[in-house]
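Examination of the molecular architecture
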Amino acid sequence: MKLAVIGGDGTGPEVISEALKALKALSQRFNFEFKYDELNYNGTRYLATQQLLSDEELDNLKTYDAILLGAIGHTDVKPGILEKEILLKMRFGLDQYINLRPIKLYDTVESPLKHGTSESIDYVVVRENTGGLYTGVGSFDKKDTKDEVAVQQMIYTRHQVERCIRFAFDYAVNRHRDEAWKGLSQQDIDAGYRAQVTLCGKTNVLTYVFDLWERVFYEVAKEYPSVKANYVHVDAVCIYMVDDPGRFDVIVTSNMFGDIITDLGAITQGGLGVAPGANINPEGVSMFEPIGGTAPDFTGKNQINPIAAVGAGQLLLAHLGYTEAALCLENAIKGVIIQMSSQVAAKMGFSTTEIGDLIVEAIHSS
Ligand code: IPM
Ligand code: MN
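Procedures and definitions
- Residues numbered from 1 in each chain as written.
- Chains lettered and ligands numbered in written order.
- Predicted model: local features only at pLDDT ≥ 70, side-chain atom pairs only at ≥ 80, totals over all residues.
- Heavy atoms only, no water.
- Pairing = 2+ DSSP bridges.
- Helix = DSSP H or I, 4+ residues; strand = E, 2+ residues; numbered from the N terminus.
- Axes fitted to C-alpha atoms, helices over the stretch in contact; angles between N-to-C directions.
- Contact = heavy atoms within 4.5 Å.
- Domains from an automatic or database assignment.
- Buried area = accessible area lost by both parts, 1.4 Å probe.
- Salt bridge = Lys/Arg side-chain N within 4 Å of Asp/Glu carboxyl O.
- Polar contact = N/O pair within 3.5 Å; in protein donor to acceptor, adjacent residues only side chain to side chain.
- Nonpolar A, V, L, I, M, F, W, Y, C, P; charged D, E, K, R; others polar.
- Near = heavy atom within 4 Å.
- Areas by Shrake-Rupley, 256 points an atom, 1.4 Å probe, with all protein chains shown as cover.
- Phe/Tyr/Trp six-rings, centres within 6.5 Å; stacked < 30°, edge-to-face > 60°.
- Buried < 20%, exposed > 50% of the residue type's maximum accessible area, 1.4 Å probe, protein only.
- Lys NZ or Arg CZ within 6 Å of the ring centre and 35° of its normal.

1. A look at the sheet that holds strand 10 (residues 250-253)
The mixed open sheet is built from 10 strands, whose spatial order is 2-1-3-12-11-4-5-10-8-9. A strand with exactly one partner marks an edge of an open sheet, and here the two such strands are strand 2 (35-38) and strand 9 (227-233). Each strand of the sheet is rotated relative to its neighbour by a mean of 20°, with strand direction disregarded. One ladder, built from seven bridges, connects strand 8 (residues 195-201) with strand 9; its direction is parallel. Across the sheet, the residue bridging to Val 197 is Ala 229, located in strand 9. Against the sheet, helix 1 (residues 12-29) engages strand 1 (2-8), strand 2, strand 3 (66-71) and strand 12 (286-290), with an angle of about 140° to strand 3.

2. Quick notes on the domain arrangement of the protein
Each assigned domain of the protein is listed with its residue range as follows: domain 1 (1-102 + 274-366) and domain 2 (111-269). A separation of 25 Å is found between the C-alpha centroids of domain 1 and domain 2. Here domain 1 meets domain 2 over a buried area of about 1,700 Å², counting both sides, of which 60% is carbon and sulfur. Where domain 1 packs against domain 2, one counts one salt bridge. The residue Asp 95 makes a salt bridge to Arg 163 at a minimum N-O spacing of 2.9 Å. Taken together, domain 1 and domain 2 are joined by eight residue pairs in polar contact (both at pLDDT 80 or more). Breaking the side of domain 1 that touches domain 2 down by element, the ones donating at least two residues are helix 4 (81-93), strand 4 (98-104) and strand 11 (276-280). Tallying contributions element by element places strand 4 first for the side of domain 1 that touches domain 2, with five residues. Across the side of domain 1 that touches domain 2, the residue classes break down as 11 nonpolar, three polar and three charged.

3. A word on the site of ligand 1
Neighbouring ligand 1 are Glu 83, Leu 87, Arg 91, Arg 101, Arg 127, Tyr 134 and Asp 259. Between ligand 1 and the protein, one listed contact pairs an oxygen atom with a side-chain N or O atom of Arg 91 at 2.6 Å. In this structure, an oxygen atom belonging to ligand 1 sits 2.9 Å away from a side-chain N or O atom of Arg 101. Bound to the protein, ligand 1 loses 75% of the 320 Å² it would expose on its own. Considering each element in turn, the shell around ligand 1 owes the most residues, three residues, to helix 4. Along the lines of polarity and charge, the residues of the shell around ligand 1 split into two nonpolar, no polar and five charged. In terms of domain composition, the shell around ligand 1 takes at least three residues from each of domain 1 (1-102 + 274-366) and domain 2 (111-269).

4. What to know about the packing of aromatic side chains
Per the counting criterion, the structure on display carries 10 aromatic pairs. Considering the side-chain rings of Tyr 123 and Phe 248, the 5.6 Å spacing of their centres and the 50° angle between planes classify their relative orientation as tilted. Pair noted here: Tyr 123 is in strand 5 (residues 122-128) and Phe 248 is in the loop between helix 8 (234-243) and strand 10, with a separation of 125 residues, a long-range link. Phe 248 carries the same exposure label as Tyr 123, and that label is buried. Here the aromatic residues Tyr 156, Phe 210, Trp 213 and Phe 257 are joined through ring pairs into a cluster of three or more. Here the guanidinium or amino end of Arg 127 rests over the ring plane of Tyr 134, the centre of that ring lying 5.1 Å away. Directly above the aromatic system of Tyr 240 lies the positively charged group of Arg 247, at a separation of 3.5 Å from the ring centroid.

The structure is reproduced here in structure tokens:
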């Protein structure tokens, strides 16, 4: 396994170094070769050299099995520059058209949802990752006058929509290969369903883009008779994510809605410190990252929770087919979370590196 490792800015490098510790331990435990190159595509380099991410550097990323990314963003750089020219350039340039974000509450992790359990908060958001409002197409008219008009276009091609929806259905089928989804009613089970995909849109207002999404969704759904397909408006999705998350299995949605609802989801699963995500190009090079940002206030303090970055490592292993190692890492994460919760009550919190060490220990003793 050969990875491109981009620690990035803020606490990115600290949490990624814990993820690397875990991957190294797994490579010893499961006997696979593990190599990586650390690349300094970040805000610090930009401030020093004005370099963002060149086309050559982007091309070079295609020579790796996968990319592990910490976080991009710098307090001294105007918002939008690094995000657009480094993070989004990778997502778009490597055609990572799926942003997969599991929303999973592990046992003993505290959720702000009073009735949230590890049974009910266990679903996946498949966020479209290369189109919509993120394409950057738009304009100003009469800029800086009182008649100014700003336009930002939500653009989707059928191709983009279809490949994303198809991925969501395939994912739902694979997720429930062994056991049908527990949220199904007896009636659904009798009807032959094993899984569910929910389209999250806004067909009542965005009558072009989500009309396209909805038509393609039900067309593709016909090819997956064992997957229940339903539609929920994005605002109602937010209500249910808080009030009744157990009704979701796989949610598929546009780029912008996916960005918003996955932050809500991350909070319900215990916060950005535990939420990983995967930017996937099923035919190319994928990128794995903790979904929380650079956390500048915590930088260099050895305080930030690296579990999300370690979880990104788990998604990476699973994606590359290191199934056993991925499972081992998930169990290590679960175990360490329980270990932490029993001790957090008694004493102070754990440091970034202590948590990484516990994960490594759990890997070696499994
Ligand atoms: C995310 C982030 C990015 C996004 C930003 C940093 C461009 O919020 O990964 O969710 O909007 O996609
Ligand atoms: Mn976001």
